[in-house]
Amino acid sequence: MAVRTEVAMSTLVTIRAVRPGAVAEESIGRAFGWFHEIESRCTRFDPSSELMRLTAQTGVAVPVSAILFEAVRFALLAAEASGGAFDPTAARGVAGGGWRDIELDEARTAITLHRPLTLDLGAVAKGLAVDLAARELAPLEDFVVDAGGDLYLGGRNERGDPWRVGIRHPRREGELIAFLRASNQAVCTSGDYERLAPQAGDGEHHIVDPRSGVSPHALASATVLASGAMLADALATAAFVLGPEEGIALLERMGVEGLVVTPALQRHETRGLRRVA
Ligand code: AMP
Ligand code: MG
């Protein structure tokens, strides 16, 4: 097994390849390259990042990289699909603006903000990085990309079985609440136990319900199993905002599987979820 861990996107990222060797090392190096590139383009914490240069301009079409365009395009699709429960402009946004104020020009890969907005790609950028890393690792067949709550499971484990993924218990540190089997799939979890917003008040966490402007409390965690990590990442955040019934309905409508856990530890899951003991 080849294993490497680096810090990227404010989390520990670990990549494992079942069969070690020079090719595995090179692929792992390129996979980490995507994390660093996406982080540097999409971060809100560096005023010179491509994202921050985009949001500094209003009313003009700004040509952007394929990476930033893809992240924003996908975030807007998630906003539309979730009826606005997912909104990349919602977290600590400028009052009045919303995702509908963002216009994409696919032909020119340009983005226009029609009013001043805070654009936060925190719920999709990690998933995009996991997907691009997984693409680099695909020739290795059997591998895992683990980016703190967001995973892609390539192929099979060292015993030749599908990967077995533990879902963290949202209230008991170090314990797991369920296991899923996954092969060539992503598993992403949003939980209220994650990073706190720096200026958060009591009971506030890093996810915001765009409709109320405060953190949603109907769920403690939402886990999504899908073909790709950007999809799973965005839908986990959206389901978290929507709560148990509407969240599961969204996942079923989108054709992905998932499991959500309420603060009282009740579980709700999609009909097709293959859970393993
Ligand atoms: P995740 O950990 O994938 O659920 O993503 C949470 C991150 O996405 C937060 O740290 C914010 O950067 C951003 N975010 C918070 N609330 C929302 C929301 N309702 N829609 C889209 N992004 C959000
Ligand atoms: Mg997410």
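Residues numbered from 1 in each chain as written. Chains lettered and ligands numbered in written order. Predicted model: local features only at pLDDT ≥ 70, side-chain atom pairs only at ≥ 80, totals over all residues. Heavy atoms only, no water.

**Student:** Any details on the coordination of the magnesium ion (ligand 2)? Residues and values, ideally.
**Tutor:** In a perfect tetrahedron of four donors around a metal, the angles come out at 109.5 degrees. In a perfect octahedron of six, they are 90 or 180 degrees. Here the magnesium ion (ligand 2) is held by the protein donor atoms Asp233 (O), Asp233 (OD) and Thr237 (OG1), which lie 2.1 to 2.3 Å from it. Residue Asp233 and its partner Thr237 are both found in helix H5 (residues 229-242); the two are separated by four residues, about one turn of the helix. Taken individually, Asp233 and Thr237 each receive the classification buried, so the pair is uniform in this respect. (Donors = N, O, S within 2.8 Å, 3.2 Å for Na, K, Ca; no water. Helix = DSSP H or I, 4+ residues; strand = E, 2+ residues; numbered from the N terminus. Buried < 20%, exposed > 50% of the residue type's maximum accessible area, 1.4 Å probe, protein only.)

**Student:** Got a sec to walk through the site of ligand 1? Specific residues and values, please.
**Tutor:** Residues in close proximity to ligand 1 total 15 residues, the closest being Asp120, Ser190, Val208, Asp233 and Thr237. One nitrogen or oxygen atom from the main chain of Ala123 is found 3.2 Å from an oxygen atom belonging to ligand 1. The element best represented in the shell around ligand 1 is H5, accounting for three residues. Here the residues of the shell around ligand 1 are counted per class, giving seven nonpolar, four polar and four charged. Here the shell around ligand 1 spans two domains, since at least three of its residues come from each of domain 1 (50-113) and domain 2 (162-275). (Near = heavy atom within 4 Å. Polar contact = N/O pair within 3.5 Å; in protein donor to acceptor, adjacent residues only side chain to side chain. Nonpolar A, V, L, I, M, F, W, Y, C, P; charged D, E, K, R; others polar. Domains from an automatic or database assignment.)

**Student:** Let's hear about the environment of Arg30: which residues, and what values?
**Tutor:** Note that Arg30 resides in helix H1 (residues 22-42). In this structure Arg30 comes out as partly exposed when scored by relative accessible area, which is 41%. Only 2.9 Å separates the side chain of Arg30 from the side chain of Glu136, close enough to count as a polar contact.

**Student:** Can you break down unusual backbone geometry residue by residue, with the values?
**Tutor:** In the Ramachandran plot, Met9 falls in the positive-phi region, its phi being about 50° despite a non-glycine side chain. With respect to the secondary-structure elements, Met9 resides in the loop between strand S1 (2-8) and strand S2 (11-17). Although it is not a glycine, Thr109 adopts a positive phi angle of roughly 40°. Within the secondary structure, Thr109 is located in the loop between strand S4 (102-105) and strand S5 (110-113). We classify Thr109 as partly exposed; its relative accessible area is 29%.

**Student:** Mind laying out the sheet that holds S5, listing which residues take part and the relevant values?
**Tutor:** Ordered by their spatial adjacency, three strands build an open sheet running S3-S5-S4, and the pairing between neighbours is antiparallel. The outermost strands of the open sheet, each flanked by one partner alone, are strand S3 (61-63) and S4. On average, adjacent strands in this sheet sit at an angle of 25° to one another, irrespective of strand direction. Relative to S5, S3 is paired through three bridges, and the arrangement is antiparallel. Residue pairing in the sheet places Pro63 in a bridge with Ala110 of S5. Against the sheet, helix H3 (residues 66-81) touches S4 and S5, its axis set at about 125° to S4. (Pairing = 2+ DSSP bridges. Axes fitted to C-alpha atoms, helices over the stretch in contact; angles between N-to-C directions. Contact = heavy atoms within 4.5 Å.)

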